[in-house]
Amino acid sequence: MSSIGLPSSEVLLLGPGPSPVSPRVREALGAPARSHLDPEFMALLDDVRARLGRVFRAPDGSLTSAISGTGTSGMETVVANLTEPGMCALVVVTGYFGERLAQMFERYGAAVERLQVEWGTAVDPEVVAHALRDGQFNVVGLVHVETSTGVVNPVAAIAALARQHDALCVLDAVTSLGAMPLDAAAMGVDAAYSCSQKGLGAPSGLAPVMFAPTALARRVKSRSFYFDLDLLESYWVGRKYHHTMSAPLVFALHTALCETEEEGLDARWRRHERHHQQFVDGLASRGWSLLPAPAARAWSLNAVRIPAGADDAAVRRRLLTEHRIEIGAGLGPLAGKVWRVGLMGAGSTEGNVQAVLNALQEATR
Ligand SMILES: Cc1ncc(COP(=O)(O)O)c(C=O)c1O
């Protein structure tokens, strides 16, 4: 008989996601079961839709919902419903997830021009303006917080440029929603996708999406059945079966959205900023620093330069086994160069900042 079973001890999730869930969100996962077409459950979906509209600060008339799947399913839903073969997409690639977005557009038949930006820096809107002047694009794709580098990109400036050139602005808000200032209406974002497991503080498995009226007007016939917005709308709004949505995940996301709105979006953003700054100050007092320049730093994800002489994998292993804290490794060209420390959702606390600073100090001694 195998002795493998469910985890019985806590690990503090301070990596690039998932983030820790609050006791209330954890409890919601065990609420009494409902089917995907149960009237009470459908009413809950209506409320999730409304709350997501407010959390994205979506323009009036937007369609918001949560896709069954992780952040990538949100990415695929947005791309599948806005891309036809022959279309042209300009994708700003500031790291690993910008490249994934570029590949997603290619899979749906778009001709993609990648605007490559050095990892660890934010895109300069001037460079985007230049690329837009030289081409004819239907869409501009951008990652708000690039999780591979801890960089925040200037969304409003890029969205304004896209609009000037009659292109839609598609935003990856996977590591920003609920953690970093995002106001889709004010910023001019046409479509966005996120995840449940980072700034919002729910488990992974649902991907919030937002289509503004400007994007809805340009939707195409989706080549994906599962991510077809027409079919998804007929389920979420028309109450017609499309797929068997997971009630426990919706219960958890709904609770996380309630917590987000109870705290208040602005207060939540300020909390993330405060704890990011405490972390940066704590690093500085130990002679350590982040990869991005101060103006380009995200508050949700910190890319810490690995100090000279420290053994990347051994430090992460010690954090996990001795301190029960998970942090993330560097991705792609940043492997072995940075640790990724997420302070997101319920994980963004003063106590967690102190815990991870102390653990890093001990594990690098
Ligand atoms: C910016 C960004 N986009 C997309 C994704 C993909 O999300 P998921 O792993 O939930 O599919 C991630 C995952 O961390 C991400 O950080």
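Residues numbered from 1 in each chain as written. Predicted model: local features only at pLDDT ≥ 70, side-chain atom pairs only at ≥ 80, totals over all residues.

### Observations concerning the domain arrangement of the protein chain
Once the domains are mapped, the protein chain shows domain 1 (12–19 + 264–363) and domain 2 (24–262). For domain 1 versus domain 2, the separation of C-alpha centres amounts to 25 Å. Residue assignment for the side of domain 1 that touches domain 2 shows that the elements contributing at least two residues are helix H11 (265–285) and strand S11 (301–305). Ranked by residue count, the leading element in the side of domain 1 that touches domain 2 is H11, at four residues. Looking at the side of domain 1 that touches domain 2 residue by residue, the classes come out as 17 nonpolar, seven polar and three charged. (Domains from an automatic or database assignment. Helix = DSSP H or I, 4+ residues; strand = E, 2+ residues; numbered from the N terminus. Nonpolar A, V, L, I, M, F, W, Y, C, P; charged D, E, K, R; others polar.)

### Digging into the sheet that holds strand S14 (residues 338–342)
Here three strands make up an open sheet; going across it, the order is S11-S14-S13 and the pairing antiparallel. Edge strands, defined here as strands with exactly one partner in the open sheet, are S11 and strand S13 (328–329). Pairing of S13 with S14, which is carried by two bridges, proceeds in the antiparallel orientation. When the sheet's bridge partners are listed, Gly-328 is paired in S14 with Arg-340. (Pairing = 2+ DSSP bridges.)

### A look at the site of the ligand
Close contacts around the ligand come from 14 residues, with Thr-70, Gly-71, Thr-72, Thr-147 and Val-174 the closest. Sort the elements by how many residues they give to the shell around the ligand and helix H3 (residues 71–80) lands first, with three residues. Of the residues that constitute the shell around the ligand, the class distribution is six nonpolar, seven polar and one charged. (Near = placed C-beta within 6 Å.)

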